[in-house]
Amino acid sequence: MPHHEEETQVPASSHVEDAELPSDLALQRGRPVSVSPPKNILLTGATGYLGGYLLAELLRTTNARIHCLMRGRSEAEGLAELYSALEARRAGLPPRHRLDVVTGNFAKPRFGLSEEDYGSLAQTVDTVYHCGAWVNLVIDYPFLKGSNVDGTAEVLRFALHRRTKPLHHISTLGVVMADFAQGAGSVPERPVPPRPLPVGYYESKWASERLVARAGALGLPVSVYRPGAVVSDRAGAYVSASDWLMQITLASLRVGLTPTHDFMLPIACADFTAECIVLLSRGSGGAHRVFHVIHPEPMPLNTYFDMVRFHRPRLRATSYEHWSNEVRAHYGDRSPMARLSEAVPRFLPSPRNGVATQATNDRTMSVCGSALTVPPLDADFFGRIVDALDN
């Protein structure tokens with residue numbers, strides 16, 4: 001489960017105010033950049049669940065050297081962690097010269113690097129993939145602002161320092177969940193709405209997307225990629241046990257019940273998501289474009305749990321309220337799992353008007369659909385995920 005910061009006091013902050021470009025960035029203008037394949041790529045979040053697949057895909061499909069920004073790691077420790085991440089994803093290990101560990105923190109000024117090292121890195125890197133974020137759907141916005149909003153501002157500063165570097169920003173479909181709550185029917189690939197759903201993580205990613213869009217309007221080449229629920233790889237062999245969907249699935253296995261909740265879940269395999277992002281990034285050019293990197297067919301959350309029960313017939317469906325009560329009884333009222341169970345209806349809102357709502361990805365599939373095979377999300381696939389969790 002994501003960790004919590006219950007005792008730490010943080011100053012109040014507004015995601016709307018924080019979505020305004022800082023004055024130093026507002027005065028900068030992007031300059032023309034080369035369209036040739038990048039030789040050096042900066043990647044944040046390389047050891048996160050999706051970030052590890054993104055690293056593997058960049059190594060597989062480009063000849064670039066990947067500079068991985070990692071907190072608190074020596075070079076040897078960082079390399080060991082990167083190799084472990086690649087092995088877990090059954091990716092081939094690259095030659096040593098393909099990887100560079102940059103010990104730093106994207107939420108700190110100059111990434112926490114010396115002025116000389118920061119300038120050298122900014123001069124070397126051709127393209128930036130920003131996949132790093134603190135993903136926590138339970139805690140409030142002020143706790144997430146430093147990593148997710150201030151961190152994006154620092155990445156923008158880096159992208160404009162010394163020479164302009166295209167930015168590929170990995171966001172989340174959570175930024176458009178207000179449209180789901182309203183029952184908009186379909187949610188196309190377009191800029192963020194005027195306001196996000198009042199969920200701290202969504203507010204932080206909404207503010208960061210606004211920063212990216214405003215930098216794009218000033219000439220920085222930017223593209224935004226919005227994944228949905230990222231579950232396993234095609235083989236169903238490697239799941240993220242800390243992911244919210246895997247957590248509530250595991251809780252269901254423990255309490256013998258699955259919840260009923262009306263929501264059209266945007267979903268995709270982790271390796272397919274990474275493949276789409278890299279493929280789209282190679283053809284997105286300098287325009288500010290938004291992509292929904294999800295399976296073309298959404299999955300009702302109730303259908304997902306139908307498949308879970310198919311593979312575990314001992315489970316039975318129940319109301320969400322009853323399921324949540326049983327989770328609290330099993331894990332404890334103050335447990336992280338209890339807090340997550342209470343939060344799910346807030347961050348996966350049922351449409352107020354009863355109109356089933358889904359995110360569309362016509363733009364994404366017009367590119368990826370012809371170049372990649374869309375993996376089937378069938379009963380066998382979800383059975384492998386259940387087996388991986390229930391071992």
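Ranked by internal contacts, the top residues of the largest apolar core, which has 126 residues, are Leu55, Ile66, Trp244, Leu245 and Phe347. Per-element accounting of this core gives the leading share, nine residues, to helix α6 (residues 141-160). Those residues within four positions of Leu245 in sequence are excluded, and the remaining contacts are Ala229, Val231, Leu265, Leu301 and Tyr304.

Once that is clear, we can look at the confidence of the model for the protein chain. On average, the protein chain scores 91 in pLDDT, and the residues at 70 or more come to 94%. Residue range residues 1-9 is modelled with pLDDT below 50. Its contacts to residues more than four positions away, or to other chains, number 19 contacts.

Looking now at the pattern of salt bridges. By the definition in use, this model includes 17 salt bridges. The closest approach of N and O atoms between Arg312 and Asp390, which form a salt bridge, is 2.8 Å. Placement of the pair is Arg312 in the loop between α11 (301-311) and β14 (316-319) and Asp390 in the segment after α15 (379-389), with a sequence separation of 78 residues. For Arg312, a relative accessible area of 15% corresponds to the buried category. Taken together, the shared-partner salt bridges connect Arg254, Arg312, Asp387 and Asp390 into one network.

Our next topic: the packing of helix α9 (residues 244-255) against helix α13 (residues 336-347). Running from N to C, α9 and α13 point in directions that differ by 120°, and their axes come no closer than 11 Å. Between α9 and α13, the angle falls in the class oblique. Considering how the two elements wind past one another, α9 and α13 form a crossing that is left-handed. Here Trp244, Gln247, Ile248 and Ala251 of α9 lie close against α13, whose contacting residues are Met337, Leu340, Val344 and Phe347. Within the contact of α9 with α13, the residues separate by chemical class into seven nonpolar, one polar and no charged.

Basis of the calculations
Residues numbered from 1 in each chain as written. Predicted model: local features only at pLDDT ≥ 70, side-chain atom pairs only at ≥ 80, totals over all residues. Heavy atoms only, no water. Core = buried A, V, L, I, M, F, W, Y, C linked by side-chain atoms within 4.5 Å. Buried < 20%, exposed > 50% of the residue type's maximum accessible area, 1.4 Å probe, protein only. Helix = DSSP H or I, 4+ residues; strand = E, 2+ residues; numbered from the N terminus. Contact = heavy atoms within 4.5 Å. pLDDT = per-residue confidence, 0-100. Salt bridge = Lys/Arg side-chain N within 4 Å of Asp/Glu carboxyl O. Axes fitted to C-alpha atoms, helices over the stretch in contact; angles between N-to-C directions. Parallel < 35°, antiparallel > 145°, perpendicular 65-115°, else oblique. Left-handed = near helix turned anticlockwise from the far one by under 90°. Nonpolar A, V, L, I, M, F, W, Y, C, P; charged D, E, K, R; others polar.

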